Amino acid sequence: MVTYCGDEVASLVLDVGGSWTRVGYSGDDAPKCVVPTYVGCLDSTGDETNAKTIRDQDQDVDMTDATKQSEEVPEDSSAAAKPSKPKRYIGDTEISAVRPGMTLKSPLQDKIVQDWDLFEDVWSYCLHNRLRVNPKENPLFITEASWNVPAAREKLIELAFEKFESPAFYICKDAVLAAFAAGKSNALVLDCGGSTTSAVPVYDGYALKKGQLYQNIAGDFVSDQILAQIRRDYNLEVRSRYQVLKKNPVDVGQPANAVLRDFPSGKFTPSYHHYMQMQVIQEYKESVCQISESTYNENYLAARPQKPFEFPDGFNLQVGIERFRVPEVLFQPNQFITDKSKPVRQNGQVMDVSGMTPGPAVEGATTQTPSTSFNMWGVPQMIHNSINSCDIDLRPHLLTNVVLTGGSTLFPGFADRVNFELQSLAAGQRIKIHAPGNSIERKYGTWIGGSILSSLGSFHQLWISRQEYQESGAAIVNKKCQ
Amino acid sequence: MSHSDALDILGVERSAVSPATKRVKVAAAPQREKKPEGVSRELYSLIGGAPSVVISKPAFKAKPKLATQTTHWVWRGFTSSARPDDLVLYHWTKATDDPSDYFFASFNQSIDMVTYTDAEYDLYLKDDHWTKAETDYLLELCRAYDLRFVVIADRFNFDGHTHSVDDIKERYYAIQQRLLRARHQGGMDDPDLRRQLVLYEFNKDREVERKSYLEAMYGRTLAQIQEEEALFVEARRLEQNEKRLMQERQTILRLLNAHETNLAIRYAALKARRSQVTALQLNTRSVPPSPDTNLSSPAGLVPSRDDGLFVGSEGSTPDPEYPCTPSGGATYKSRKRKLLKKNGRLLSVEPGTSRTVGGSPSRASTPGLKDLADQDLAAEMAYSPLITHLGTKDRQPPGAYIRSTRITPVKLSMSQKVLESLDELNVAPRPTMVTGPICAEFDHLQTSILTLLELKKHTDKLEHEVKVATARKAGLLGKDAPPPPATT
């Protein structure tokens, strides 16, 4: 215990991210369970009968739903007591289940809690249903966005002590934890996840407020662009897995020949359908998409081998330049945005992109000059701007400690490209990118940092105890968790 | 020889020993396995009869450590003295561990933050840019963030008022210094106080200046950096070139010098000889020339510096083709004879006499010297074969030798060029009539050619370099200047 300075007190680490929630025991090297941060809400107005009929009609769907039955029981009883309370479904299988009328909602926007009810449900689900622990017994360590507001932090500590009755509580900024997971106390953390891309400078274990930048051009945004691109190029709406009963093989680029499930129209909410489409696009991104390692050059990239992809309905493609062009929106958003209907938020402020110059032309896309009024940041610009807002003495340290974390940094070529672009942005400086090759470490960097920090022997003096909370009130969180 | 043969030789009866052999056979039989049917003998000898494998049983026997007790691990609650409250957390520890205080509590170090009273503030710490409340807030932040000034500056927000890192540092260090001075009991020259004051030294202007330089360095664009690097490389190249040029210049100077000293030596020698000749002429007015008895003596033995004059010329008749001096009257032949005579005299002359000879030019204003004008001397010197390194450079080899072997050999790499030059001058590659003077003259010619070739090489190289440099200059100027309009 002395040699590695660790001392485990069986605390729980809960990291609620923009699209995934990770939870597990401190001291572990990976979270015990990972749950989508979406809550399926079903109004208790009588859709239950519909759900039943669909279940009867299709055995396959029933199978997906079967696991839910046991967990639904307590909710049923509560629903009986309070009939107005809508049903909530959380968990991968739950929210993916075919359930007419269910809307999917995220409790967060820009990683800041908007809907506390849903948020509490997510916590409850993770601790009670997945870890199956009694939160009263274990200290609770949670993560927050670096730009979280004091009011939200106070609500978090209230939630932990009032609702879950934790014995001790601590909250830490995700950028700091990602830096710790990389073994650094000074770092510039670039977190490119599902919902948000952020660049936060970390100095000696403190996230600096002045330099933090975040923008919602991240994994989900790229997925939306891909959907729009497929819609534009093939005049086709991507069918998700739940719609297809049986698919037949077709030639490349030919219309799908599939037997679809016969659902009454309007049974499924757009949010559910979009979520299911996102699942397909997630697969598409993982198997096909790539980032150009150096400057985006269409002529050069077109010579790269094409990659095949088959959609759930059998429609399949050989993806050529598109597999580079669409993810390029992460690096050159001003030039490569396809779907301008999606709002872009920068540091919490919504930008209107609908009036922008047309999307990528086939030729000369790189030469397009961005309109001055819309300046979205590419990943390297974010890093560079963030570093430049720090003290000059600090910049070399940050440039040599750029930590990449988050699932969207797993695009092949991402780290190379960041390195390449930074070298031209910060000319003459030594640049070192830390990007773990292990995808688990990259995806769950924040959680792993939390696991490391909360299992350190010298950390235990920092917990906010129940007693302290009762004496000082919720404001103590802003004093003790800097 | 088998066992039975031995028995036969020894005359031992066979039946007497047979029981023993039988017993041996019986004893050996079980070890040998029977050859299975259908397997050839050769094959069986390969697979069968392998040495038996020794099966060793592990001899180790774990002994229970009855004397030592196993340590128990217990799930135990603990409190930490580093905490303000008595929160009980639980962890696994050895039952033997001392539960009095938490091990990691000793790592809880905090800094001692300076404090001051209101009176002290009013007396010493007043500042135009800081109010007391703001200063208090600053010290509170310093305590909270353990003097991490970067973080303090980041979090500093006093009613919307912020300060830069340097402002904050300046204020903090100024507070420390002023309070140290104010609270110090002894005189201001106390070395202890000085040492402490130095710790809190902070010069904001210098820091700001340093940072502005750093900013300028950081703000360089890629093109600027590349230009800077190119200039640096160019400067290095120039430096190295200069060194190389100096070396080359010295080589050339040496070459030229060698040539000139050679001429100078010859000039001096000739002059000396002339004066000797005049001296001799003066002498010969009264004294008739003695027979050339000394001519046959090996000239190499002559200790005088002028010995080179006669190396290899053992009194042979001069070559008729040998060019005559332009001086009117006396032919080279006659003059040479005089010289030889003089030399012969010199050999017998005492050192004391030679001094008088050396001093002769001072009084050499006799009309007999009129024909030996300076330009005549120079012209003669140019043709004189007598002073060459052919004679001076090496000693006389013992015994007889062929004179032509004494001609300095030409380096193989240069030989072709030398031959060409000789051809241009209509001189045969080797002298046909190898008399002493011819050899000397030929050698001199060859050396001159070599020197000239060497010089020419240098000239060519320099010319080439000048050309390259001119072209580069033109190129560089052309790049900076607007591109000329296309003429084609």
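Residues numbered from 1 in each chain as written. Chains lettered and ligands numbered in written order. Predicted model: local features only at pLDDT ≥ 70, side-chain atom pairs only at ≥ 80, totals over all residues. Heavy atoms only, no water.

Topic: the overall build of chain A
Going by this rule: Runs of H or I in DSSP of at least four residues are treated as helices and runs of E of at least two as strands, each being numbered from the N terminus. Contacts: residue pairs with any heavy atoms within 4.5 Å of one another. Calculation of accessible area relied on Shrake-Rupley with a 1.4 Å probe; when residues are assessed, cover is drawn exclusively from the protein chains displayed.
The helix and strand inventory of chain A stands at 18 helices and 23 strands. Pairs at least 24 residues apart make up 72% of the contacts formed inside chain A by residues separated by at least 6 positions. Accessible surface for chain A amounts to roughly 19500 Å². Of this, 49% is attributable to carbon and sulfur atoms.

Comments concerning the pattern of salt bridges
The condition is simple: Whenever a carboxyl oxygen of Asp or Glu lies within 4 Å of a side-chain nitrogen of Lys or Arg, that contact is scored as a salt bridge. Burial status follows relative accessibility: with a 1.4 Å probe on protein chains alone, a residue under 20% of its type maximum counts as buried, one over 50% as exposed, and anything between as partly exposed.
Scanning the entire structure with this criterion turns up 48 salt bridges over all chains. A salt bridge links Glu421 of chain A to Arg417 of chain A, with the shortest nitrogen-to-oxygen separation between them at 2.8 Å. Here the residue Glu421 of chain A and the residue Arg417 of chain A both occupy positions in helix α14 (residues 414-425), the gap between them amounting to four residues, near one helical turn. Judged by its relative accessible area of 1%, Arg417 of chain A falls in the buried class. Note that Lys211 of chain B and Asp166 of chain B form a salt bridge whose closest N and O atoms lie 3.2 Å from each other.

Here we look at a nonpolar patch on the surface
Residues and elements named next belong to chain B. Filter applied, for reference: Without a salt bridge and with relative accessible area above 30%, a residue can belong to a patch; like charges are then joined within 9 Å and nonpolar side chains (Val, Leu, Ile, Met, Phe, Trp, Tyr) within 5 Å.
A contiguous nonpolar patch, built from Trp73, Trp75, Val88, Tyr90 and Trp92 and spanning about 580 Å² of accessible area, is present on the exposed surface. For the nonpolar patch, the secondary structure elements donating two or more residues are β1 (73-78) and β2 (89-94). For Trp92, the position within the fold is in strand β2.

Let's talk about the packing of helix α7 (residues 165-183) of chain B against helix α8 (residues 191-199) of chain B
Residue and element names in this part refer to chain B. Applied cut-off: Under this scheme, a helix contributes an axis fitted over its contacting stretch, all axes are lines through C-alpha atoms, and angles between N-to-C directions fall in the 0 to 180 degree range. Small angles under 35 degrees read as roughly parallel and large ones over 145 as roughly antiparallel, with 65 to 115 read as roughly perpendicular and the rest as oblique. In a left-handed crossing the near helix is turned counterclockwise from the far helix by less than a right angle, and in a right-handed crossing that turn is clockwise. Throughout, the ten residues Ala, Val, Leu, Ile, Met, Phe, Trp, Tyr, Cys and Pro are labelled nonpolar, Asp, Glu, Lys and Arg are labelled charged, and all others, Gly among them, are labelled polar.
The interhelical angle for the contact between α7 and α8, taken along N-to-C directions, is 165°, at an axis separation of 9 Å. Looking at the two axes, α7 sits roughly antiparallel to α8. Considering only the axes of α7 and α8, their crossing is right-handed. Along its contact with α7, which presents Gln177, Leu180 and Arg181, the element α8 presents Leu193, Gln196 and Leu197. Here the residues of the contact of α7 with α8 are counted per class, giving three nonpolar, two polar and one charged.

Comments concerning the confidence of the model for chain B
Residues and elements named next belong to chain B. As a reminder of what qualifies: The predictor attaches a confidence to each residue, and that confidence, scored 0 to 100, is pLDDT.
Residues with a pLDDT of 70 or more make up 68% of chain B, whose mean pLDDT is 74. Taken together, the stretch residues 342-372 has pLDDT below 50 and engages in 25 contacts with residues farther than four places along the chain or on a different chain. The ipTM assigned to the predicted complex is 0.84, against a pTM of 0.68.

A word on empty space enclosed by the protein
Residue and element names in this part refer to chain A. In plain terms, the rule: Grid points spaced at 1 Å and placed over the protein atoms alone form the basis of the search, with a cavity being a set where a 1.4 Å probe fits but cannot get out and a pocket an open set showing protein on both sides within 12 Å along at least five of seven lines. Lining residues have an atom within 4 Å of a point. Grid points are joined across faces, edges and corners, and a volume is the space filled by probe spheres set on the points.
With the rule as written, the count across this model stands at four cavities of 30 Å³ or more. Taken as a whole, the largest cavity encloses approximately 80 Å³ of empty space. Lining the largest cavity are Val16, Leu108, Lys111, Val113, Phe119, Thr143, Glu144, Ala145, Asn148 and Leu156.

Here's the deal with the side chain of Gln229 of chain A
Residue and element names in this part refer to chain A. By the element assignment, Gln229 lies in helix α7 (residues 219-234). Looking at Gln229, the relative accessible area reads 2%, which means it is buried. The residues contacting Gln229, other than those within four sequence positions of it, are Tyr234, Tyr284, Glu322, Val326 and Thr338.

Some thoughts on the packing of aromatic side chains
The following threshold applies: For Phe, Tyr and Trp, rings pair up if their centres lie within 6.5 Å, where Trp contributes its six-membered ring, and each pair is then called stacked (planes under 30 degrees apart), edge-to-face (over 60) or tilted (otherwise). Two limits define a charge over a ring: the Lys NZ or Arg CZ must be within 6 Å of the ring centre, and within 35 degrees of the ring normal.
Considering all chains together, one arrives at 39 aromatic pairs over all chains under this definition. The structure contains a cluster of three or more aromatic residues connected by ring pairs, namely Tyr234, Tyr284, Phe309, Phe311 and Phe315 of chain A. The lysine or arginine in question, Arg99 of chain A, covers the ring of Tyr89 of chain A, its NZ or CZ lying 3.6 Å from the ring centre. Looking at Lys132 of chain B, its charged tip hangs above the ring of Tyr121 of chain B, at a distance of 5.8 Å from the centre.

Observations regarding unusual backbone geometry
Even without being glycine, Asp204 of chain A reaches a positive phi, approximately 55°. Considering the arrangement of structural elements, one finds Asp204 of chain A in the loop between β12 (197-203) and β13 (206-207). Unusually for a residue other than glycine, Asn426 of chain B sits at a positive phi of about 60°. Here Asn426 of chain B is to be found in the loop between α15 (412-424) and α16 (436-480).

Some thoughts on the interface of chain A and chain B
Inclusion rule: We define buried area as the total accessible area lost by two parts upon association, computed with a 1.4 Å probe and summed across both.
Between chain A and chain B, the contact holds 43 residues from the first and 33 residues from the second. Summing the contributions of chain A and of chain B, the shared interface buries around 3200 Å²; its carbon and sulfur component is 58%. Of all residues in chain A, Tyr206, Ile392 and Gln461 of chain A bury the most surface against chain B, accounting for 18% of the area lost on that side. The interface formed by chain A and chain B includes six salt bridges. When the shortest N-O distance is used, the salt bridge between Lys211 of chain B and Asp391 of chain A registers 3.2 Å.

A few points about the sheet that holds strand β5 (residues 87-90) of chain A
Residue and element names in this part refer to chain A. Using the following cut-off: Criterion used throughout: strands pair if DSSP finds at least two bridges between them.
Read from one edge to the other, the open sheet built from three strands follows the order β5-β4-β6, with strand pairing classed as antiparallel. The sheet is open, and its two borders are formed by β5 and β6 (103-105), each paired with just one other strand. On average, each strand axis in the sheet is tilted by 30° relative to the strand beside it, whichever way the strands run. Note that strand β4 (residues 39-42) and β6 share three bridges and pair antiparallel. Looking across to β6, one finds that Gly40 is bridged to Leu104.

Some words on the sheet that holds strand β23 (residues 464-465) of chain A
All names here are of chain A. With mixed pairing, the six strands of this open sheet are ordered in space as β3-β2-β1-β9-β10-β23. Two strands in the sheet have a free side with no partner beyond their single neighbour: β3 (33-36) and β23. Pairing analysis gives two bridges linking strand β10 (residues 168-173) to β23, with the strands arranged antiparallel. Paired with Phe169 across the strands is Ile464, a residue of β23. Sitting on the sheet, helix α4 (residues 116-130) touches β1 (12-16), β2 (20-25), β3, β9 (140-144) and β10, and the angle it makes with β1 is about 140°. Each of β9 and β10 is contacted by helix α6 (residues 174-181), which is oriented at about 85° to β10, the strand it contacts most.

Quick word on the confidence of the model for chain A
Residue and element names in this part refer to chain A. Put simply, chain A has an average pLDDT of 86, and 86% of its residues get 70 or more. In the model, residues 46-83 has pLDDT below 50 throughout and makes 36 contacts with residues more than four positions away in sequence or in other chains. Confidence drops under a pLDDT of 50 for residues 358-372, and excluding neighbours within four residues, the segment shows 22 contacts in the predicted structure.

Topic: the pairing of strand β18 (residues 316-319) of chain A
Residues and elements named next belong to chain A. Where strand β17 (residues 307-310) and β18 come together, four bridges link them in antiparallel fashion. Across the sheet, residue Phe309 finds its bridge partner in β18, namely Leu317. What sits between the antiparallel neighbours β17 and β18 is a turn of five residues, in which Gly314 has the positive phi angle 100°.

A look at helix α9 (residues 204-218) of chain B
For an α-helix the count is 3.6 residues per turn, leaving residues at separations of three or four pointing the same way. As a reminder, the rule being used: By this rule, a helix spans an expected 1.5 Å times one less than how many residues it contains. When we speak of the arc, we mean the arc of directions from the helix axis to the C-beta atoms. Whenever a nitrogen or oxygen atom comes within 3.5 Å of another N or O atom, the pair is scored as a polar contact, on the condition that within protein one atom can donate a hydrogen and the other can accept it, and that pairs from neighbouring residues in sequence are kept only if both atoms are in side chains.
Counted at 1.5 Å a residue, the expected span for α9 of chain B with its 15 residues is 21 Å, and the 20 Å between its end C-alpha atoms agrees. Taken together, the buried positions of α9 of chain B are occupied by Glu207, Lys211 and Tyr218 of chain B. For α9 of chain B, the buried positions fall inside an angular range of 35° around the axis, keeping them on one side. The outward face of α9 of chain B, more than 90 degrees from its buried face, is lined by the exposed residues Asp205, Arg206, Tyr213 and Ala216 of chain B. Elements in contact with the buried residues of α9 of chain B: α12 (379-388) and α13 (395-399) of chain A together with α7 of chain B. The backbone nitrogen of Asp205 of chain B lies 3.2 Å from a side-chain oxygen of the residue at the head of α9 of chain B, namely Asn203 of chain B.

Thoughts on the nonpolar core
Rules: By nonpolar core is meant a set of buried Ala, Val, Leu, Ile, Met, Phe, Trp, Tyr and Cys residues that side-chain atoms within 4.5 Å join together. What fixes the domain bounds is an automatic or database domain assignment.
Formed by 84 residues in total, the largest nonpolar core has its most connected members in Phe311, Leu330, Ile383 and Phe414 of chain A. Considering every element that reaches this core, the biggest residue donor is α7 of chain B, with six residues. Domain assignment of the residues forming this core places at least three in each of domain 2 (183-217 + 379-435) and domain 3 (219-377) of chain A. Apart from residues lying up to four places away in sequence, Phe311 of chain A is in contact with Ile230, Val238, Lys247, Val280, Tyr284 and Leu317 of chain A. Listed in part, the 69 residues of the second largest apolar core include Leu118, Ala175, Ala207 and Ile448 of chain A.

Section: the UniProt feature "coiled-coil region" (unreviewed entry) in chain B
Heads up, the rule is: UniProt positions are given in the numbering used here, feature names are shortened, and annotations may be inferred rather than shown by experiment.
The UniProt record annotates "coiled-coil region" (unreviewed entry) at residues 228-258 of chain B. When the span residues 228-258 of chain B is considered, its composition is 100% helix and 0% strand, and the gap between its end C-alpha atoms is 45 Å.

Overview of helix α16 (residues 445-453) of chain A
Taking burial as the measure, the nine residues of α16 of chain A include eight buried ones, the bulk of the element. What α16 of chain A keeps buried is the set Gly445, Thr446, Trp447, Ile448, Gly449, Gly450, Ser451 and Leu453 of chain A.

Quick word on the packing of helix α5 (residues 132-144) of chain B against α7 of chain B
All names here are of chain B. One way to put it is that α5 packs onto α7 with a least axis distance of 11 Å and a crossing angle of 95°. With respect to α7, the axis of α5 lies roughly perpendicular. Facing α5, whose interface residues are Thr135, Leu138, Leu139 and Cys142, α7 presents Ile168, Arg171, Tyr172 and Ile175. In the contact of α5 with α7, the residues fall into six nonpolar, one polar and one charged.

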